[in-house]
Amino acid sequence: MATRIEFHKHGGPEVLKAVEFTPVAPGENEIQVENKAIGINYIDTYIRGGLYPPPTMPSGLGTEAAGVVVKIGSGVKHIKEGDRVVYAQSPLGAYSSIHNVPADKAAILPNAISFEQAAASFLKGLTVYYLLRKTYEIKPDEQFLFHAAAGGVGLIACQWAKALGAKLIGTVGSAQKAQRALQAGAWQVINYREESIAERVKEITNGKKLRVVYDSVGKDTWEASLDCLQRRGLMVSFGNASGAVTGVNLGILNQKGSLYVTRPSLQGYITTRDELTEASNELFSLIASGVIKVDVAEAQKYPLSDAQRAHEVLESRGTQGSSLLIP
Ligand code: NDP
């Protein structure tokens, strides 16, 4: 028997329940992974809450974990039983002690990277990779805004920006988070609970403003983010932590300076196995060499059965960096 988290209706963290189940054999192109550490991502809360409804109900939750391969499907050639792997973008159900995953969504984990480091950084690190390297290519010395800089994605972005020689201006919700983002390599921080984002960006850039803003907060920061952009600047809206941006009048892009907007997702950038290999090799080498550190606070490692509590803390803005479930 194995244990997994399910929900039978949308709602708050209380809808998450731990259930026992009997794992089925992996399909032809799947691997079966005994999860050792499971990544918690903000998107999991959108799925649980109904903003992104799952394909079927009741549903499992989670798309990312690291562990050991215990079985493989007959068509799987590049992964074998006993391999240490990490995966992201699996079908919902990674909040589980055992999960069947398409082999093309998994990468073999270098020995230098622990299961916990991998589960804390794979989906989030691949996201930072495509945002800073593909959606818009951040140049050395470039100043840019990145919201929620002390979050899971945010702390990796601070470190990656520093490695690129770029100047990340991070927004954060508390003085402690400001400290953490600066330690991780943010060039400047703005506490957006106390300061005006657009005014501070104007000051920091001597009135020049920015070519690109990365916004995962959504509804609460949408307009301020546009106000931080230069003429023909790019707004990268990649998340909805405060709620989705809706009802936009396109005329606002004209009024604020012929702006561009994109709404990217990981699956739009990293779809094929080649794309996953290229991105994960770059991420793994930054982690293995210590350029990107992914230390998860002990308080943010929860037993699998405590998924409810993990979601409560994440949604109350009480976390820094990544959080994990441990089966
Ligand atoms: P985080 O650890 O960053 O947690 C979310 C953070 O958002 C909070 O800690 C909080 O930081 C900030 N926040 C601001 N306003 C609110 C609010 N009203 N309610 C809750 N949080 C708020 O999560 P992740 O690292 O998992 O994800 C970060 C973002 O990136 C999410 O929006 C996620 O959906 C998005 N994402 C998008 C992907 C894509 O491909 N499009 C892929 C991966 C993630 P603070 O207190 O400092 O404000």
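Residues numbered from 1 in each chain as written. Predicted model: local features only at pLDDT ≥ 70, side-chain atom pairs only at ≥ 80, totals over all residues. Heavy atoms only, no water.

This brings us to the overall build of the protein. Tallying secondary structure elements over the protein gives ten helices and 16 strands in all. The C-alpha atoms of the protein give a radius of gyration of 20 Å, which matches the 20 Å a tight globule of 327 residues would have. Across its three principal directions, the C-alpha atoms of the protein cover 60 × 40 × 35 Å. Out of the 327 residues belonging to the protein, those deemed buried represent 52%. Here the analysis covers contacts within the protein between residues at least 6 apart in sequence; of these, 69% occur between residues at least 24 apart. Surface exposure of the protein reaches about 14,100 Å², of which carbon and sulfur atoms provide 49%. (Helix = DSSP H or I, 4+ residues; strand = E, 2+ residues; numbered from the N terminus. Rg over C-alpha atoms; globule rule 2.2 N^0.38 Å. Buried < 20%, exposed > 50% of the residue type's maximum accessible area, 1.4 Å probe, protein only. Contact = heavy atoms within 4.5 Å. Areas by Shrake-Rupley, 256 points an atom, 1.4 Å probe, with all protein chains shown as cover.)

Turning our eyes to something else, we now look at the pattern of salt bridges. Under the counting rule described, the total for this entry stands at 16 salt bridges. Here Lys 36 makes a salt bridge to Glu 34, at a shortest N to O gap of 3.0 Å. We classify Glu 34 as partly exposed; its relative accessible area is 32%. Three or more residues joined by partner-sharing salt bridges are found here, namely Glu 116, Glu 298 and Lys 301. (Salt bridge = Lys/Arg side-chain N within 4 Å of Asp/Glu carboxyl O.)

Strand order in the open sheet formed by three strands is 2-1-4, and the pairing between neighbours is antiparallel. Single-partner strands in this sheet number two, and they are strand 2 (17–21) and strand 4 (59–60). Bridge count for strand 1 (residues 2–7) against strand 2 is five bridges, and the pairing is antiparallel. Among the inter-strand pairings, Thr 3 is bridged to a residue of strand 2, identified as Glu 20. (Pairing = 2+ DSSP bridges.)

A few words on the site of the ligand. Near the ligand, the surroundings consist of 30 residues, among which Tyr 130, Val 153, Lys 177, Tyr 192 and Arg 317 are the closest. Gly 173 places a main-chain nitrogen or oxygen 2.8 Å from an oxygen atom of the ligand. A distance of 3.1 Å is found between a nitrogen atom of the ligand and a backbone nitrogen or oxygen belonging to Pro 264. When isolated, the ligand has an accessible area of 910 Å², and the protein chains bury 92% of it. Listing elements by their share of the shell around the ligand, those giving two or more residues are helix 1 (42–49), helix 2 (115–135), helix 3 (152–163) and helix 10 (307–315). (Near = heavy atom within 4 Å. Polar contact = N/O pair within 3.5 Å; in protein donor to acceptor, adjacent residues only side chain to side chain.)

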